[in-house]
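Secondary and tertiary structure notes
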Amino acid sequence: MDERQGRFERLIEEHRGILYTVCRSYCADRNEREDLGQEIVAQLWRSFERYDDRYAFSTWMYRVALNVAISYRRRMRRHTEHMLFDDAAIDAAVQQEPQNADDLTALRSFIEELDPLPKALMLLYLEGYPHREIAETLGISESNVGTKINRIKSELRCRFDQQLREDRL
């Protein structure tokens, strides 16, 4: 094994949580998650020589992984179920606690309907990444990250509140 390959394998192992998170967020089916994970690692390897050490590996890895996942999702759209988000992460995203399982289901549904960029943004946000790293990963400004997150959260709150009103009728 050459030095480059060894370094790549160490970095992938060190940041495997990113792979897990992206795959789990973009694929409901276990086999699809494995396929997506393999595609991501293959693309990371193909791109590894262009990785710039001046930046955090995790930021670069997220950018590549999200791009691959979005492309994969587009190709597999007719076969995939829904994106999965951790319940606690969804709660944190809208800063309100759902009262029951139906509320949580509605919230997941609202997040699933987001376009690819807002979905990716929410994934990074829910993972706790700072706005600066989200901006670097998605190629947008840091102030744009904050603005988009607030708009998404506001939209999710409105849709959630509307759903609650409709359910009460």
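So, here's what we can say about the structure.

1. What to know about the overall build of the chain
- Tallying secondary structure elements over the chain gives nine helices and zero strands in all.
- In the chain, the order of α-helices and β-strands from amino to carboxyl end is α-α-α-α-α-α-α-α-α.
- Taken across its 169 residues, the chain has 43% of its residues classed as buried.
- Counted over contacts in the chain with a minimum sequence separation of 6, partners at least 24 positions apart contribute 68%.

2. A look at the packing of helix α2 (residues 16-26) against helix α3 (residues 30-47)
- Direction vectors running N to C along α2 and α3 enclose 130°, while the axes themselves pass 9 Å from each other. Considering their axes alone, α2 and α3 lie oblique with respect to each other. The two elements α2 and α3 meet at a crossing, and its hand is right-handed. Of the residues in α3, those touching α2 at Leu19, Val22, Cys23, Arg24 and Tyr26 are Arg33, Leu36, Gly37, Ile40 and Val41.
- In terms of residue class, the contact of α2 with α3 is built from seven nonpolar, one polar and two charged.

3. Some thoughts on the packing of aromatic side chains
- With the rule as written, the count across this model stands at ten aromatic pairs.
- Judged by centre distance (6.4 Å) and plane angle (15°), the ring pair of Trp45 and Phe48 falls under stacked.
- Aromatic rings pair up to connect Phe8, Trp45, Phe48, Tyr51, Phe57 and Trp60 into one cluster.

4. Focus on the nonpolar core
- If you look at the biggest cluster of nonpolar residues, it comprises 44 residues, and the most contacted ones within it are Val22, Tyr26, Leu36, Ile40 and Leu66.
- For this core, the secondary-structure elements that each account for two or more residues are α1 (3-14), α2, α3, α4 (57-76), α6 (101-112), α7 (116-126), α8 (131-138) and α9 (142-168).
- At eleven residues, α4 tops the list of elements feeding residues into this core.
- When neighbours within four sequence positions are excluded, Ile40 is seen to be in contact with Leu19, Val22, Cys23, Ala65 and Val68.

5. Topic: the state of the cysteines
- Applying the stated rule across the entire model yields zero disulfides.
- Cys27 takes part in no disulfide bond, and the closest cysteine sulfur, belonging to Cys23, lies 6.6 Å away.
- Under the relative-accessibility criterion, Cys27 is labelled buried at 0%.

6. Topic: the packing of α7 against α8
- Contact geometry of α7 with α8 gives a least axis separation of 10 Å together with a crossing angle of 145°. Relative to α8, the crossing made by α7 is right-handed. Residues Leu117, Ala120, Leu121, Leu124 and Tyr125 of α7 touch α8, and the partners they reach there are Ile134, Thr137 and Leu138.
- For the contact of α7 with α8, the residue count by class is seven nonpolar, one polar and no charged.

7. Points about the side chain of Thr21
- Residue position: Thr21 is located in helix α2.
- Within polar-contact distance, the side chain of Thr21 engages the backbone oxygen of Gly17 at 2.9 Å.
- For Thr21, the residues in contact, after removing those within four places along its chain, are Tyr62, Leu123 and Glu127.

8. A closer look at the pattern of salt bridges
- All chains considered together, the criterion is met by seven salt bridges.
- Linking Arg7 and Asp53 is a salt bridge whose minimum nitrogen-to-oxygen distance equals 2.7 Å. Of this pair, Arg7 sits in helix α1 while Asp53 sits in the loop between α3 and α4, and the two are 46 residues apart along the sequence.
- Classification of Arg7 as partly exposed rests on a relative accessible area of 31%.
- In this structure, the salt-bridge partner of Asp52 is Arg54, at a minimum N-O distance of 2.5 Å.

Rules and cut-offs
- Residues numbered from 1 in each chain as written.
- Predicted model: local features only at pLDDT ≥ 70, side-chain atom pairs only at ≥ 80, totals over all residues.
- Heavy atoms only, no water.
- Helix = DSSP H or I, 4+ residues; strand = E, 2+ residues; numbered from the N terminus.
- Buried < 20%, exposed > 50% of the residue type's maximum accessible area, 1.4 Å probe, protein only.
- Contact = heavy atoms within 4.5 Å.
- Axes fitted to C-alpha atoms, helices over the stretch in contact; angles between N-to-C directions.
- Parallel < 35°, antiparallel > 145°, perpendicular 65-115°, else oblique.
- Left-handed = near helix turned anticlockwise from the far one by under 90°.
- Nonpolar A, V, L, I, M, F, W, Y, C, P; charged D, E, K, R; others polar.
- Phe/Tyr/Trp six-rings, centres within 6.5 Å; stacked < 30°, edge-to-face > 60°.
- Core = buried A, V, L, I, M, F, W, Y, C linked by side-chain atoms within 4.5 Å.
- Disulfide = S-S within 2.5 Å.
- Polar contact = N/O pair within 3.5 Å; in protein donor to acceptor, adjacent residues only side chain to side chain.
- Salt bridge = Lys/Arg side-chain N within 4 Å of Asp/Glu carboxyl O.

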